[in-house]
Amino acid sequence: MSLIRNIENRIERLLTTVIDFFYPPFRKLMPLDLFRYGCCGGLNLALEWVLYYVFYHFVFHGCVFNLGFIAFTPHIAAFVFKFPITFLTGFWLARHISFSGSTLRGRTQVFRYLIVTLVNILINYLGLKLFVEVFQWWPTVSYVIISIICVTFSYLSNKYYSFRKNKSNYGHTSADQE
């Protein structure tokens with residue numbers, strides 16, 4: 001287990017160092033946690049878009065995916081199959097990079113992150129149904145629009161709920177507190 005923790009710590013330090021290197025030009029525009037969230041969220045969102053595209057076009061070939069007891073339209077199937085991957089990467093990035101100063105316990109963080117994510121799933125599902133099936137928009141374009149809505153909701157929910165800090169810690173990053 002210590003080998004995995006050691007690798008995790010190295011990845012965390014590397015990502016934080018790289019992200020923080022690009023922060024100085026943005027210092028007057030936004031706090032460090034927002035910049036880190038934007039970078040991590042952008043990375044995870046790009047991963048989501050790539051996975052969604054790959055699942056939709058190359059795994060499901062734009063066809064209905066039938067499990068026998070339930071059938072998924074291709075745009076919903078692509079969403080369902082990319083979800084577990086991006087849930088884990090998103091939680092890890094949020095916990096270790098974006099909101100590392102949280103005072104909440106890990107299991108509380110993951111539970112709250114799951115709640116925020118489930119609300120995002122509802123937004124995604126209803127949005128895809130509306131945009132693709134009612135408005136007849138392209139699935140990938142629809143997903144990009146829905147993702148922008150979800151990113152805004154996620155940042156606010158995760159900062160003030162999932163990875164909440166003590167009120168005295170707001171405005172400070174974990175690096176400021178060390």
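Scroll up for the structure.
Residues numbered from 1 in each chain as written. Predicted model: local features only at pLDDT ≥ 70, side-chain atom pairs only at ≥ 80, totals over all residues. Heavy atoms only, no water.

1. A word on the side chain of Thr-16
Residue position: Thr-16 is located in helix α1 (residues 2-21). Once residues within four sequence positions are removed from consideration, Thr-16 is found in contact with Arg-36 and Ile-97. (Helix = DSSP H or I, 4+ residues; strand = E, 2+ residues; numbered from the N terminus. Contact = heavy atoms within 4.5 Å.)

2. Some points on the packing of helix α2 (residues 32-59) against helix α3 (residues 74-98)
Remark: α2 packs on α3, axes separated minimally by 9 Å, with the N-to-C direction vectors making an angle of 155°. It follows that α2 is roughly antiparallel to α3 by the angle criterion. As α2 packs across α3, the resulting crossing turns out to be right-handed. Considering only residue class, the contact of α2 with α3 consists of 15 nonpolar, six polar and four charged. (Axes fitted to C-alpha atoms, helices over the stretch in contact; angles between N-to-C directions. Parallel < 35°, antiparallel > 145°, perpendicular 65-115°, else oblique. Left-handed = near helix turned anticlockwise from the far one by under 90°. Nonpolar A, V, L, I, M, F, W, Y, C, P; charged D, E, K, R; others polar.)

3. Let's talk about the packing of aromatic side chains
Across all of its chains, the model carries 25 aromatic pairs by this definition. An angle of 45° between the planes, with centres 6.0 Å apart, marks the rings of Phe-55 and Phe-81 as tilted. Residue Phe-55 is found in helix α2, and its partner Phe-81 is found in helix α3; the two are separated by 26 residues along the sequence. Here Phe-55 falls in the buried class, since its relative accessible area comes to 15%. Ring geometry for Phe-65 against Phe-81: centres 5.5 Å apart, planes inclined by 85°, an arrangement best described as edge-to-face. Of this pair, Phe-65 sits in strand β1 (residues 65-66) while Phe-81 sits in helix α3, and the two are 16 residues apart along the sequence. Aromatic ring contacts, followed pair by pair, group Tyr-37, Tyr-52, Tyr-56, Phe-79, Phe-83, Phe-87, Phe-91, Phe-99, Tyr-113, Tyr-143, Tyr-155 and Phe-163 into a single cluster. (Phe/Tyr/Trp six-rings, centres within 6.5 Å; stacked < 30°, edge-to-face > 60°. Buried < 20%, exposed > 50% of the residue type's maximum accessible area, 1.4 Å probe, protein only.)

4. A word on unusual backbone geometry
A positive phi angle, close to 50°, is found at His-61, a residue other than glycine. Relative to the helices and strands, His-61 resides in the loop between α2 and β1. The exposure class assigned to His-61 is exposed, which follows from its relative accessible area of 55%. Not every positive phi belongs to a glycine, and Gln-136 is a case in point at roughly 65°. Locating Gln-136 in the fold gives a position in the loop between α4 (106-134) and α5 (139-162). A relative accessible area of 59% means that Gln-136 is categorised as exposed.

5. Points about the nonpolar core
Membership of the largest hydrophobic core comes to 16 residues, with the highest contact counts inside it found for Tyr-52, Phe-55, Ala-78, Phe-79, Leu-128, Tyr-143 and Ile-146. Setting aside its immediate chain neighbours within four residues, Tyr-52 contacts His-75, Ala-78, Phe-79, Lys-82, Leu-128, Pro-139, Thr-140 and Tyr-143. (Core = buried A, V, L, I, M, F, W, Y, C linked by side-chain atoms within 4.5 Å.)

6. Regarding the packing of α1 against α3
Across the interface, α1 lies against α3 with an axial gap of 10 Å and an inter-helix angle of 70°. Taken together, the axes of α1 and α3 lie roughly perpendicular to each other. Regarding α1 and α3, the two cross each other, and that crossing is right-handed. Listed contacts from α3 to Arg-5, Glu-8, Ile-11, Glu-12, Leu-15, Thr-16 and Ile-19 of α1 are Trp-92, Leu-93, His-96 and Ile-97. Tallied by class, residues from the contact of α1 with α3 come to six nonpolar, two polar and three charged.

7. As for the environment of Tyr-53
The residue Tyr-53 is located in helix α2 in this model. Placed twelve residues apart in sequence, Tyr-53 and Phe-65 show a C-alpha to C-alpha distance of 15 Å.

8. Some remarks on the environment of Ser-154
You can see Ser-154 is positioned in helix α5. For the pair Ser-154 and Asn-66, spaced 88 residues apart in the sequence, the C-alpha separation amounts to 31 Å. If we ignore the near neighbours within four places in the chain, the residues touching Ser-154 are Tyr-37, Val-116, Asn-120 and Lys-159.

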